[in-house]
Structure formats: structure tokens, C-alpha cells
Amino acid sequence: MTRREQVNEAILAAVDVLNERLPEDERVARDLGTEVLGPSRSVDSLGLVELVIEIEMAIRDRFDVNLNLANESALLTRPEGTIETVANYIDGMLENLGK
Amino acid sequence: MDYDRKSLSEVGSHYDSITDGWRLILGNNFHFGYFERPEQDLDSATRNLIIELEKLGPVPPGSSVLDVGCGIGEPAQILHESLQCRVTGISISQRGIELARQMAHRKGLSGVLNFEVVDILNNRIPSDTYDIAWVMESSHLMPDKLHLTRELFRILKPDGKLLLCDMVRRRDLTAFDLIQRADQFAAIDRTFGKAKTESPTFYREALQSAGFGAIEFRDITEQAVPTLAAWRRNLEARRDEVIARLSEPRMRDYRDSCDHLEDLMQSGILGYGLFGAAKPLSA
């Protein structure tokens, strides 16, 4: 499995963990195209915080590295962005870390 | 500040539980004030907001008014006393309606001020009934504002006016804002109920799509912000009474929420606006 595939898997696993806590009608679609950053994001503020934490944990489990995504303003201030956007960004971070 | 449909009934329960404690902090008007100067007293500033909103109509004397989210009836009373309006106040808070009815009875106004527990998003009000739809600071608690504007259009008579004021979102929140300010939003939701603020552009488009014309918007953020300091002063002055009515954690949440809202308004994220719109004569 490539690094990028592992990142995708980690993020979708984080979505699964978040969805377990959310009511059915508030769950986040398990799809790389799901909007999570822009105004049409499908998750509220607390859900977004939880999703970011879950992604950080999933990345740590798979790559043995601690990313602090909550402070990544270059990613999180984008006017829009899907799960795939987040995956691309994390993939770049891991590459810079030599992972 | 995102918001789901099912939480509407929670809003009613929330207001039932806090109404008595809030009167100690907000006075009889459960809304922001319009401060002509920061040191102005809260009661006259909240009355000013009613006057400023009325000016956007203006409200013709003797109008029939539907007050949506009527609090404990103070704006209805002011509209009657100043303009002889006949007002029907509706709210989803049982406790608020109970206090509004007591006020009307005490003042001998039960014939002209009528208060009912009704959800505007699920009502049986006949079409073309009111001259004025008056919506003070309740729209942010309604998840489906497109449905709200359609219902307000329906219940107004042709040439009727909608007058609405509320918190507005002055810029889109990035994911970074949401994460960094998640604690602020959580405290505000706990204090004021789960809300969804929208931009002036969103309101304008929702009003247009419902059929309204002559849409006006006035940003009064600067005049509204001093309300938060006034609430904090009342809270500190009546701290023990507030704790007795609300509990200590709720008192702290309220105080913190005043700080958070002030910060969000001064950071240009949230603001306060007045909207006026008219139902065309031909509708």
C-alpha cells in the first residue's frame, strides 16, 4: 500500500470513529469528495474539532508521527476543501518529514 | 454555530429553563440594545432597538402585528403603547408566553395583546392576516430560514412589512476559526441555545426568493456591542440572585459568552443587523 493510500485509509477510519458518535442524520459521508473545510462543510464546529483529533491519532498510529493539524492554518483557512484536500496536505507533511 | 432541525424543541425547553434568571441580566427585553453612547442604560437602549427597527417600516398606527419570538411581551407592549398596534406574540417557550400573558392581564391589555405558544415554522396562521411581521432576534434559532421567510411572506397582507433584527455573520468562518474558537461556540450554544447565524446576503436572498421586495439592511454592530458589557454589569451586580435562578455553571457560561460574543463581534466575525422588506401589493 502506498503512503497516500495509507493516508486515505487513516482519514476514512477517523471519519468512521466520528460517525459512531454522531446521530445518523449528522454523519459525515465516507467519501474523499466530502466537503469538510468550506462553508458548505458537512460537519459542525465541535464535529470538526473531533475529526481533526481523530485524524491526528489515526496518522500517529500508522506513521508513528505527531501532526498538529489544528494549528495548520495553511490548510484550515482554505475557502473550501474536501477529505481529499486534507489527505493531499497530510501526504505532503509526511513527505517533508521523510515518512 | 451550526444547527440541526430537531433542536428546535430544545430551544423552547432551553428558554423555559432560563427565562426567570435572564430577566435579572437582560431586563424585560430579551434582545440587544441600540446604544447611542456606550454608557447609556440597558433599558433605554433595548427600547431604542425597537424604535430603530420600527423606523425601517415604519409601522402605521393601529397595525396588526405578528411578533415572532415575542420573549416575555415587552416589544408587543411598546408597539401597542406607542402606535396602538394589536399584537399577537408567538413563541415556543411556554414560560415566556405565560409571563407575557400575565403582563397583558396586569396592564389590562389582554384585548389587544394576545400571546400563544406557536412555532412559526409549523403554524396554522391564515394567509394574508397581518400588516406587520416583527421578528426580533429569534431567526438565528430557526434552522430553516428559507421556510421562515416563506411563512412570513404568506401570513402578511399585500403591502405588509417584515421587520427583522438579529445577529449576522459578517464573514464566512474558516475551518481554522471553527477549531480555534470551538470552546467559544460551545459556551455560546450552551448559554443562548444552538443557533445558526447567516450573512446579510443570505437573508437578502432568502427574502427575495420568498417574494419580498424593497429589502433594506442596516448594520448596527457598533451600536449593539455595548449590550454585552451591560449584561455583564447586571450579572455581577446580581450575581447571587442569578446563581440562585440559573446555577453557578450557567452563570459562568453566561458571563463567558458575553466575552466571547464581544470578541466575535469586535473581530468582524459576527455583527448585528436590521432588515426591512415589503410584500408587494400585487402578491
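Residues numbered from 1 in each chain as written. Chains lettered and ligands numbered in written order. Predicted model: local features only at pLDDT ≥ 70, side-chain atom pairs only at ≥ 80, totals over all residues. Heavy atoms only, no water.

Before we go on, may I ask you to explain the overall build of chain B in this structure?
The secondary structure content of chain B amounts to 12 helices and seven strands. For chain B, the spread of C-alpha atoms along the three principal axes comes to 50 × 45 × 40 Å. Sorting the 283 residues of chain B into buried and exposed places 58% on the buried side. Residue pairs in contact within chain B that sit at least 24 positions apart in sequence constitute 79% of those at least 6 positions apart. Surface accessibility of chain B: about 11,500 Å² in total, with carbon and sulfur atoms responsible for 47%. Averaging the locations of the 35 positively and 42 negatively charged side chains of chain B gives two centres separated by 2 Å. (Helix = DSSP H or I, 4+ residues; strand = E, 2+ residues; numbered from the N terminus. Buried < 20%, exposed > 50% of the residue type's maximum accessible area, 1.4 Å probe, protein only. Contact = heavy atoms within 4.5 Å. Areas by Shrake-Rupley, 256 points an atom, 1.4 Å probe, with all protein chains shown as cover. Lys, Arg positive; Asp, Glu negative; His and termini not counted. Charge placed at Lys NZ, Arg CZ, Asp CG, Glu CD.)

Can you walk me through the confidence of the model for chain B in this structure?
All names here are of chain B. On average, residues of chain B score 92 in pLDDT, and 94% of them reach the 70 mark or higher. Ignoring residues within four places in sequence, the model shows residues 1–6, a span with pLDDT below 50, making 29 contacts including any to other chains. Prediction confidence for the complex, expressed as pTM and ipTM, is 0.85 and 0.82 respectively. (pLDDT = per-residue confidence, 0-100.)

Mind showing me how you'd approach the packing of helix α1 (residues 3–21) of chain A against helix α2 (residues 45–63) of chain A here?
Between two packed helices, the angle of one axis relative to the other and the distance separating the axes together describe the packing. Residues and elements named next belong to chain A. The contact between α1 and α2 brings their axes to 8 Å, and the two run at 135°. One way to sum up the angle between α1 and α2 is to call them oblique. Here α1 and α2 pass one another in a crossing that is right-handed. On α2, the residues touching R3, Q6, V7, E9, A10, I11, A13, A14, V15, V17, L18 and R21 of α1 are G47, E50, L51, E54, I55, A58, I59, R62 and F63. Grouping the constituent residues of the contact of α1 with α2 by class yields 13 nonpolar, two polar and six charged. (Axes fitted to C-alpha atoms, helices over the stretch in contact; angles between N-to-C directions. Parallel < 35°, antiparallel > 145°, perpendicular 65-115°, else oblique. Left-handed = near helix turned anticlockwise from the far one by under 90°. Nonpolar A, V, L, I, M, F, W, Y, C, P; charged D, E, K, R; others polar.)

What's the story with the sheet that holds strand β2 (residues 86–91) of chain B in this structure? I'm lost.
In a beta sheet, neighbouring strands pair by backbone hydrogen bonds and run either parallel or antiparallel. Residue and element names in this part refer to chain B. Strand order in the open sheet formed by seven strands is β3-β2-β1-β4-β5-β7-β6, with mixed pairing between adjacent strands. Each edge of the open sheet is held by one strand with a lone partner, namely β3 (113–117) and β6 (213–219). When strand polarity is set aside, the average angle formed by the axes of neighbouring strands in this sheet is 15°. By the bridge criterion, six bridges tie strand β4 (residues 130–136) to strand β5 (residues 156–169) in an arrangement that is parallel. (Pairing = 2+ DSSP bridges.)

Which parts of the structure should I look at to understand the interface of chain B and chain A?
The extent of an interface is frequently quoted as the accessible surface area lost upon association of the parts. Taken together, the contact pairs 16 residues of chain B with 18 residues of chain A. A combined buried area of about 1,300 Å² lies between chain B and chain A, and 65% of that area is made up of carbon and sulfur atoms. In this assembly, chain B and chain A are joined by one salt bridge. Between B:K194 and A:D44 there is a salt bridge, with the nearest N and O atoms lying 3.7 Å from each other. (Buried area = accessible area lost by both parts, 1.4 Å probe. Salt bridge = Lys/Arg side-chain N within 4 Å of Asp/Glu carboxyl O.)

Help me understand the packing of aromatic side chains, please; the structure alone is not making it clear to me.
For any pair of aromatic rings, the description consists of the separation of the ring centres together with the inter-plane angle of the planes. Residue and element names in this part refer to chain B. For the structure on display, the rule yields 11 aromatic pairs over all chains. Relative to F212, the ring of F153 lies with its centre 5.2 Å away and its plane at 90°, an arrangement referred to as edge-to-face. Pair noted here: F153 is in helix α5 (residues 145–155) and F212 is in the loop between α8 (200–210) and β6, with a separation of 59 residues, a long-range link. Across this residue pair, the class does not change: F153 and F212 are buried. Three or more aromatic residues joined by ring pairs make a cluster, and in this case those are W22, F30, F32, F192, W231, Y254 and Y272. Of note, K279 hangs over the ring of F153, and the distance from its end group to the ring centre comes to 4.9 Å. (Phe/Tyr/Trp six-rings, centres within 6.5 Å; stacked < 30°, edge-to-face > 60°. Lys NZ or Arg CZ within 6 Å of the ring centre and 35° of its normal.)

Help me understand the pattern of salt bridges, please; the structure alone is not making it clear to me.
Two side chains carrying opposite charge are able to pair once their charged atoms lie near each other. All names here are of chain B. With the rule as written, the count across this model stands at 29 salt bridges over all chains. Between D263 and R181 there is a salt bridge, with the nearest N and O atoms lying 2.9 Å from each other. Taken together, the residues span a long stretch of sequence, with D263 in helix α12 (residues 248–266) and R181 in the loop between α6 (175–180) and α7 (182–192) at a distance of 82 residues. For D263, a relative accessible area of 31% gives the class partly exposed. When its relative accessible area of 17% is taken as the criterion, R181 is described as buried. Measuring nitrogen to oxygen at the nearest pair gives 4.0 Å for the salt bridge that ties R239 to E236. Look at R239 and you get partly exposed, because its relative accessible area is 29%. What you see here is one network of salt bridges that share partners, running through R169, D172, K196 and E198.

Quick question: what am I supposed to make of α12(B) here?
Quick reminder: α-helices carry 3.6 residues per turn. Residues three or four places apart thus point the same way. Residues and elements named next belong to chain B. For α12, built from 19 residues, the straight-helix expectation of 27 Å at 1.5 Å per residue is met to within 8% by its first-to-last C-alpha distance of 27 Å. Within α12 the residues assigned to the buried category are M251, D253, Y254, S257, C258, H260, L261, E262, L264 and M265. For α12, the N-terminal capping position is held by S247, with its side-chain oxygen 3.4 Å away from the main-chain nitrogen of R250. Just downstream of α12 lies G268, where phi reads positive at about 80°. (Expected span 1.5 Å × (residues − 1). Polar contact = N/O pair within 3.5 Å; in protein donor to acceptor, adjacent residues only side chain to side chain.)

Got a minute to help me understand a positive patch on the surface in this structure?
All names here are of chain B. Among the surface-exposed residues, R23, R106, K107 and R245 lie close enough to one another that they form a single positively charged patch. Structurally, R23 is set in helix α1 (residues 7–26). Overall, R23 belongs to the partly exposed group, its relative accessible area being 30%. (Patch = residues over 30% accessible without salt bridge, like charges linked within 9 Å, V, L, I, M, F, W, Y side chains within 5 Å.)

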